[in-house]
Amino acid sequence: METSPERLAALADDAPLQPVYLVAGPEMLRVLEAADAVRRLARAQGIGEREVFDADSRDFDWDALQATFNAPSLFSSRRLVELRLPTGKPGKDGIKAIIEFCQAPPSDVVLLITASEWSKAHHGKWTEAVDKAGVLAVAWAVKPHELAGWVEGRLRVRGLRADREAVQVLVERVEGNLLAAAQEIDKLALLSDGATLDAGRMQDLVADAARYDVFRLVDATLGGQAAQVSRMLAGLRGEGDAVAGLLPMLVRELLRTAALARAQARGANLASEMKTQGIWESKQAPFKRALQRHPNPARWERFVAEASRIDRIAKGRAAGDAWIALERLLLAVAEARAVRLLVA
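Cut-off values and rules
- Residues numbered from 1 in each chain as written.
- Predicted model: local features only at pLDDT ≥ 70, side-chain atom pairs only at ≥ 80, totals over all residues.
- Heavy atoms only, no water.
- pLDDT = per-residue confidence, 0-100.
- Helix = DSSP H or I, 4+ residues; strand = E, 2+ residues; numbered from the N terminus.
- Buried < 20%, exposed > 50% of the residue type's maximum accessible area, 1.4 Å probe, protein only.
- Contact = heavy atoms within 4.5 Å.
- Axes fitted to C-alpha atoms, helices over the stretch in contact; angles between N-to-C directions.
- Parallel < 35°, antiparallel > 145°, perpendicular 65-115°, else oblique.
- Left-handed = near helix turned anticlockwise from the far one by under 90°.
- Nonpolar A, V, L, I, M, F, W, Y, C, P; charged D, E, K, R; others polar.
- Expected span 1.5 Å × (residues − 1).
- Arc of directions from axis to C-beta.
- Core = buried A, V, L, I, M, F, W, Y, C linked by side-chain atoms within 4.5 Å.
- Pairing = 2+ DSSP bridges.
- Polar contact = N/O pair within 3.5 Å; in protein donor to acceptor, adjacent residues only side chain to side chain.
- Phe/Tyr/Trp six-rings, centres within 6.5 Å; stacked < 30°, edge-to-face > 60°.

Turning our eyes to something else, we now look at the confidence of the model for the protein. Chain-level pLDDT for the protein is 84 on average; 95% of the residues reach the 70-or-more range. No element of the protein has a lower mean pLDDT than helix α9 (residues 199–205), which averages 79, and none a higher one than helix α16 (residues 322–334), which averages 92.

Listed below in structure tokens is the structure:
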């Protein structure tokens, strides 16, 4: 059975306990809360024994895991066995072990599998076996246009009411950081007087918890979110970051996108090229949007050259204001009409 992480997290303590759970996805808060719900459910139903296996390398001993499935419980009638699978890829031996478990689950074992890397390509016979025997919950990253709905749902669960403008205030403050949003909502539950929150009250109660980092800055730039780019860049500058420290990641992504633009121009399969570049399906959307705005490879080469010039400015080897030049470059990437901001 496939469900959402939120529905799994909301299960009552007396909900039927399934033989196997797979909780996976790039949004770690959703993964952690759903996995915690399974542990809570297990404790509530008398499972006091827990074993954890980290399958974080190719030489993981799958035979040891299977032996655990077949071994009798020492301290209670049932056990919770956790399999942490960071890559979401169990390999041939792991697939075999998981499928065999799902086909004939031991009566005294509940298996919880968690994974942080996930895309549609991870689905296969073993996930189908989990879906048939137990519960599959995938925690996809919450997209920018979905964040307001996620916040509204979280507020309702905590017994809070907020108007649309208040929700938007919180969304802008947390900048896509679900953990920060969850923490702020928990705080609101303590501070709120029960009245519907408006924008002014929300501004008074929440902290500016936006997680300004270069990774999100690059995603916003490629994704075409010009307003967020300016806001995040100001945040990074205010936190004391240096332009020279931001450029290596930016240049790497510009070079990757330039390579994709060249591949697209010669008619190559873009999906295959992205895979070759190490860009997994869950991370491809910003690159696709960037290539739609700037399909000409020459423009990406210009962006790379401009980044090199900014690097020289930041290191005192050329004249100019590195922060202004960087903002102009990022806005040119994020918004096609802003290319005119770049120096000739």
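Along the chain, the position of Gln 66 falls in helix α3 (residues 62–70). Given the relative accessible area of 19%, Gln 66 is considered buried. With residues up to four places along the chain from it excluded, the contact list for Gln 66 reads Ala 97 and Glu 100.

What follows concerns the packing of helix α12 (residues 243–265) against helix α15 (residues 297–314). The geometry of α12 relative to α15 is characterised by a closest axis approach of 8 Å and an angle of 165° between their N-to-C directions. Comparing the axis directions of α12 and α15 gives the class roughly antiparallel. Classified by chirality, the crossing of α15 by α12 is left-handed. Together, Val 243, Ala 244, Leu 247, Val 251, Leu 254, Leu 255, Thr 257, Ala 258, Ala 261, Arg 262 and Ala 265 of α12 and Pro 297, Trp 300, Glu 301, Phe 303, Val 304, Ala 307, Ile 310, Asp 311 and Ala 314 of α15 make up the contact between the two elements. Residue classes in the contact of α12 with α15 are distributed as 16 nonpolar, one polar and three charged.

Position of Arg 7 among the secondary structure elements: in helix α1 (residues 5–9). Given the relative accessible area of 62%, Arg 7 is considered exposed. Between the C-alpha atom of Arg 7 and that of Ala 37, which follows or precedes it by 30 residues, the distance is 9.8 Å.

Here we take up the packing of helix α4 (residues 91–103) against helix α5 (residues 125–133). Closest axis-to-axis distance for the α4/α5 pair is 9 Å, and the angle between their directions is 20°. Relative to α5, α4 is oriented roughly parallel. Seen along the crossing, α4 lies across α5 with a hand that is left-handed. In contact with Ile 95, Ile 98, Ile 99 and Cys 102 of α4, α5 contributes Lys 125, Trp 126, Ala 129, Val 130 and Ala 133. In the contact of α4 with α5, the residues fall into eight nonpolar, no polar and one charged.

Along the chain, the position of Gly 224 falls in the loop between α10 (214–223) and α11 (226–238). Spatially, the C-alpha atom of Gly 224 lies 14 Å from that of Lys 143, the residues being 81 residues apart in sequence. When near neighbours in sequence (up to four residues on either side) are disregarded, Gly 224 contacts Arg 293 and Ala 334.

An ideal rise of 1.5 Å per residue puts 18 Å on 13 residues; α11 measures up with 18 Å between its terminal C-alpha atoms. Every buried residue of α11 is accounted for by Val 229, Met 232, Leu 233, Gly 235 and Leu 236. Along the axis of α11, the buried residues cluster in a sector spanning 160°; they form a single face. For α11, exposure combined with an orientation more than 90 degrees from the buried face picks out Ala 227, Ala 234 and Gly 238.

Here we come to the nonpolar core. Counting residues in each nonpolar core, the largest one holds 42 residues, and the members touching the most others are Leu 254, Trp 300, Phe 303, Leu 326 and Leu 329. Every element with two or more residues in this core is listed here: α10, α11, α12, α14 (285–293), α15 and α16. It is α16 that contributes the most residues to this core, ten residues altogether. Setting aside its immediate chain neighbours within four residues, Leu 329 contacts Leu 250, Leu 254, Phe 303, Glu 306, Ala 307, Ile 310 and Leu 342. One finds Leu 22, Phe 69, Leu 83 and Trp 126 within the second-largest nonpolar core, a separate group that totals 28 residues.

Bringing the sheet that holds strand β3 (residues 49–54) into the picture now. Pairing between sheet strands relies on hydrogen bonds along the backbone, with the strands arranged either parallel or antiparallel. With parallel pairing, the six strands of this open sheet are ordered in space as β1-β6-β2-β5-β4-β3. Unpaired on one side and paired on the other, β1 (2–3) and β3 mark the two borders of the sheet. The sheet contact formed by strand β2 (residues 20–24) and strand β5 (residues 109–115) spans five bridges and is parallel. Note that in β5 the partner of Ala 24 across the bridge is Ala 115. The strands touched by helix α2 (residues 28–44) are β2, β3, β4 (79–84) and β5; relative to β2, the strand with the most contacts, the crossing angle is about 160°. In the packing of α4 onto the sheet, contacts are made with β2, β4 and β5, and the angle to β5 comes to roughly 140°.

The next point concerns α3. Within the span of α3, buried status applies to Trp 62, Leu 65, Gln 66, Thr 68 and Phe 69. Take α3 and look down its axis: the buried residues cluster within an arc of 155°, on one side only. Those residues of α3 that are exposed and aimed more than 90 degrees away from the buried face are Asp 63 and Asn 70. For α3, the elements touching its buried residues are β3, β4, α4 and β5. Two or three places before Asp 63, at the start of α3, stands the capping residue Asp 61, its side-chain oxygen 3.1 Å from that residue's backbone nitrogen.

Turning next to the packing of aromatic side chains. Each pair of aromatic rings is reported with the distance of its centres and the angle of its planes. Inspection of every chain in the model, using the stated rule, returns five aromatic pairs. Taking the centre distance of 4.6 Å and the plane angle of 50° together, the rings of Phe 69 and Phe 101 count as tilted. Taken together, the positions of Phe 69 in helix α3 and Phe 101 in helix α4 put the pair 32 residues apart, joining distant regions of the chain. We note that Phe 69, like Phe 101, is buried. Ring centres of Trp 118 and Trp 126 lie 6.0 Å apart, and the angle between their planes is 80°; on these two criteria the pair is classed as edge-to-face. Aromatic rings pair up to connect Phe 53, Phe 60 and Trp 62 into one cluster.

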